Amino acid sequence: MAAMEITAILNDVQNRVPGAADRLGRAVFEDLHRIAGAAMRGEQIGHTLQPTELVDAAFVRAIGQREIPWESRAHFFAVAAQTIRRILVDHARARRRQKRDFGLRVTFDEGVAEVEATSLDLIALDDALQQLDAAAPRQAKVVELRFFGGLEIDETAHALGISPATVKRDWIFARAFLLRSLATA
Amino acid sequence: MRDHGLTPARVERMQELFELALEHPSDERHAFIATVLPDDAALRDEVLGLLDAHALVDSRLGMPLSSRLSGVAATGDAWIGQRVGSYEIVRMIGVGGMGAVYEARRADEQFDKRVAMKFLHRHADGPAAVRRFKAERQILASLDHPNIAALIDGGITTDSQPYFVMDYVDGKPLTQWCDEHRLTIKQRLGLFQQIAAAVQSAHQALVVHRDLKPGNILVTADGRVKLLDFGIARLLPAESDADVGPSTLTSVRSFTPEYAAPEQIRGEPTGTGADVYTLGVLLFELLTGTRPFDLRDHRLAELERVVCETPAPAPSTRVGPERPEEVGERSVAKVRSQIAGDLDAIVLMALRKEPSRRYGSAEAMSRDVQAHLDGHPVSGRPDGLVYRMRKLVARRSLETAAVTVAAASLIAGLVGVSLQARRARAEEQRAVQVTAFLTTMLGSANPASLGKDVTVHEVLDTAARRADALVGSPALDAEIRNVIGDTYMALGEFQSAEAQFGRALAAHRRRVPEGDGRTARAYARQSNALEYLGEYAAADSVLRLAAALLQRHPDDDPLHRAEFLDQRGRILGRLGKVAESEPLIREALELGLRYAPDKDSLLATLYGNLGYVSLELGRVPQSESLYVEAVAAARRAFGNEHADLASLLSPYASVLERAGKIEQADTVYRETLAMRRKLLGGEHPEYAWTMFSYADFLLGLGRYDQSAKWCREVLKLRGKSLPDTHPAVATAMAVLGRSLDGMDSLAAGERWLRESLRLRQQALPAGHWLILSSESILGGHMVRAKRFAEAEPLLLSAERRLVVARGERAPVVRDARNRIVGLYAAMGETAKAAEWKAKAMATP
């Protein structure tokens, strides 16, 4: 996907042109898939895969090193987050089908020091996220953007059109909600 | 987690309770939930589950779960001589609500570094608190500002006691320092600005203090402010403060009530707005030596009522008899006069109950303090913007019987602004990045909330500064300038708007040097701003550039064309070229009726403008029916009580008057007066316009005493809301002079007429038709006073020049001619009188 083309689609996304988000999703999906595949094939058991790194890699490939407004970046990451979630969850399901008894490991990265990696079951997480989405779509979206897209509080706020304070609150709440679901699943 | 029954409402309730519980110490949260949810066991279990999960999330942030901190009852002295981390504790400095503070020195380095160590009280810690503590201290350690005592380190002792290491500050508490040095008001403002700068810097790092008070603001010997304990409050989710008194479920928080914002007292989530409030309390105290609310004798429940409901007093009203000496002034009155006005306004803005209505930032507040020091207007005045906008708009307008009608072109412009803003919104939807830019940068700067939000300016200024970085992408640069400019327009900041449109044009030149359709629209915007600035000639020539470009790059949107035609027509009308103006506005109206037949606000404008030029062309019946349409459209668009409707009713009344429908005119005048008084208040310049229009109408009816009464009402506002340069002043004087003449108070009448002429000569360029009209009116007075020798040259010369300035058919020309008829009739020169009568009759 040529960088110029992605940029044009991004413009459409920001302009809320109907269907633009889907086009962007399709456009970046291929790239993301390739990158993710490579990353996961080379993965050791227990290796921590950061979805954020995936998106960053896709972003650099799609846009190149040119500077684009950070708002565009937020929109890109918002769409990419959705894609990443799909890729990772599909991948995890595929692996489960292969009856390999380990899931991908991903971290809840708060961006704060002293974070210790802990593993999560992606499929269960995805199920819980869908459950949350049914009753509290905004909170679910915050998780998707922050967790799968690696967006910062402000970027998430921008992409969703809500305040950073709301993002923070939703993030804390949704995190607890999801972990509770995971713990009782 | 139960799958069934998980409705949006239920999840919302869960989140609400979950967040409320988090406001409590970790070991009280379960009890809190049990208290508020005694009956709903299912919901209670769910929220408790969430809280457990939350603790689990926290536990994943690094520390093993095992270590519950033991409540070691350490007495202060036990620490002295101890080594904690790489620090050796020297002495105890003091004990506060949060913990004990010691002086210590770094033990493992050659140089002798003094530090302050703070140990937290025991009872509120727990694994979650410790984890948060460790995470947060990283953020706090990054706070780097000369006015903030840096957090150097922090940790947990081997027996699980959390502690902080901070810069050791050798200073005195803020208020003590001020009093000991008898700082003047100005010096105190300087200290305040240091505090605000520190707070701003922390806010930018997303750290809120939440417990600012003189006790943790120290001033060093060289006069530098140092803020202590920044962010500590947030490390301590639920320390009870010794000053608070008995703890209840909702009130146990780490703050000092006398400096706490209403939302803190209520236990709501707090942000930077709480610190802005506290800055307001501090400034209040720096100025007056007292705090806005005396909470000493209040119980907790009352405390909330006082802080959350009682409006804060203005600091200037709280200057006690001892204050002059403390601030190096001679009298209470002197101190008061320094505080009243700007400083009152600044403090009260910071002390507003709703965080969103306070200053948007500590910096904004500090900037207002600076503006006060520099003698510039401050933004914190109530309704300052609305007032300034109205004043600016009013300054644009023209004069009498014709003056009232000139007010029509005024509304045209006003509505024109909202049209511009609408167009801005449409373009904004196309201009991709601008949308995002607007959402983020302009946020609350919605032109619809005109003037209510003073921080709009700050946002716009920031936006303009940010746009400076966009030179590399001229198209984006131009779009953003347009949007910022449109917003300034809507705020009545025409000068700033014009500057932004100029920048947009420069950007367009970089983009397409020879210009295109978008360049043309940028010219149109600039012209509009110039029109509001009263620079009609400049507005006209800029608009001609736009017209030339549009010849080559036609705009397909018929409504854009209509607006452009209306704009050109308006400018020509303002330049007195009414005959050229009329066909343009007529075409605009035809386009509007054809392509936007239901857009009543647009149609109201266009009908009104065409009504205005029609009247100027002497076509009274036509003008009347156009105004009937305009008023009807305005009522459909805005309802029966609206500023824009009033702006159309006012000229409508004078058209009715000219059509001889006196009773109808009287009714419409009264409706306009009542509406404006209600909408704008009795001192508003636009209300003043309506008052003297009515006065002029009454004058025409020979109801001189009534007329004089309304004129005097207008002139009461002279020097208040109406500066002498305001055309309403001179015009009201002219009408008053004629009313007095009518009551045979000739000497008094002449004084007002001459004063009116003098003001106009001062305010207007030589030869302006209003000056000529004044001369003619003065001539009319001379006739009445039987000073025919003075009257004749004055009247004849004024008439001659008025014809040149306004054309044969202008109402002012007819008035001037009628005065000449009166002159010759009074002199008994019947032939000349008849000749002029015929001339006057030719004017409708």
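Note that this is a predicted model, so its numbers are computed, not measured.

Draft legend 1. Spatial organisation of helix α21 (residues 517-532) of chain B. The end-to-end C-alpha distance of α21 of chain B, which contains 16 residues, comes to 23 Å, matching closely the 22 Å that a straight helix rising 1.5 Å per residue would cover. For α21 of chain B, the tally of buried residues reaches 15 of 16 residues, placing the bulk of the element in the interior.

Draft legend 2. Layout of the sheet that holds strand β8 (residues 217-220) of chain B. Residues and elements named next belong to chain B. Pairing is antiparallel across the open sheet formed by three strands, whose spatial order is β7-β8-β9. Of all the strands in the sheet, just β7 (171-173) and β9 (225-227) have a single pairing partner and so form its edges. Mean inter-strand twist for the sheet, computed between neighbouring axes without regard to direction, equals 35 degrees. The pairing of β8 with β9 spans three bridges and is classified as antiparallel. Paired with I217 across the bridge in β9 is L227. Relative to β9, helix α6 (residues 185-204) is tilted by about 35 degrees, and along the sheet it contacts β8 and β9.

Draft legend 3. Quick peek at the nonpolar core. All names here are of chain B. By size, the foremost hydrophobic cluster in this structure holds 112 residues, and its most contacted members are F692, A695 and A732. Per element, the largest residue contribution to this core is ten residues, and it comes from helix α29 (residues 685-700). Formed by 71 residues, the second largest nonpolar core is a distinct cluster that contains Y102, A198, V208 and L279.

Draft legend 4. Looking closely at the packing of helix α13 (residues 342-350) of chain B against helix α14 (residues 362-374) of chain B. Residues and elements named next belong to chain B. Two elements in contact, α13 and α14, have axes separated by 10 Å at closest approach and are oriented at 175 degrees. Taken together, the axis directions place α13 and α14 in an arrangement best described as roughly antiparallel. For the pair α13 and α14, contact is made by D342, L343, I346 and A350 and by M365, D368, V369 and H372, respectively. Taken together, the residues of the contact of α13 with α14 sort by class into five nonpolar, one polar and two charged.

Draft legend 5. Helix α12 (residues 332-339) of chain B, seen in detail. All names here are of chain B. Taken as a whole, α12 has its buried residues at V335, R336, Q338 and I339. Seen along its axis, α12 keeps its buried residues to an arc of 160 degrees; they face one direction. The elements touched by buried residues of α12 are α6, α9 (272-288), α11 (323-326) and α13. Phi turns positive one or two residues past the end of α12, at G341, with a value near 90 degrees.

Draft legend 6. Quick peek at the pairing of strand β6 (residues 162-167) of chain B. Residue and element names in this part refer to chain B. With respect to burial, β6 is a largely interior element, five of its six residues being buried. With five bridges connecting them, strand β5 (residues 151-156) and β6 associate as antiparallel partners. Its bridge partner being in β6, I156 is matched across the sheet by P162.

Draft legend 7. Main features of the confidence of the model for chain B. All names here are of chain B. Summary statistics for chain B give a mean pLDDT of 75 and a share of 75% for residues scoring 70 or more. Counting interchain partners and residues more than four positions distant, the pLDDT-below-50 stretch residues 58-76 has 42 contacts. Across residues 236-253 the pLDDT falls below 50, and counting only partners more than four positions away or on other chains, this stretch makes 39 contacts in the model. Here the prediction assigns the complex a pTM of 0.39, and the interface score ipTM is 0.71.

Draft legend 8. Examining unusual backbone geometry more closely. Residue and element names in this part refer to chain B. Its identity as a non-glycine residue notwithstanding, R182 has a phi of 45 degrees, on the positive side. Residue placement: R182 occurs in the loop between α5 (174-180) and α6. R182 gets classed as exposed once you count the C-beta atoms within 10 Å, which come to 12.

Analysis parameters
Residues numbered from 1 in each chain as written. Chains lettered and ligands numbered in written order. Predicted model: local features only at pLDDT ≥ 70, side-chain atom pairs only at ≥ 80, totals over all residues. Helix = DSSP H or I, 4+ residues; strand = E, 2+ residues; numbered from the N terminus. Expected span 1.5 Å × (residues − 1). Buried ≥ 20, exposed ≤ 12 C-beta atoms within 10 Å, placed from the backbone. Pairing = 2+ DSSP bridges. Axes fitted to C-alpha atoms, helices over the stretch in contact; angles between N-to-C directions. Contact = placed C-beta atoms within 7 Å. Core = buried A, V, L, I, M, F, W, Y, C linked by C-beta atoms within 7 Å. Parallel < 35°, antiparallel > 145°, perpendicular 65-115°, else oblique. Nonpolar A, V, L, I, M, F, W, Y, C, P; charged D, E, K, R; others polar. Arc of directions from axis to C-beta. pLDDT = per-residue confidence, 0-100.

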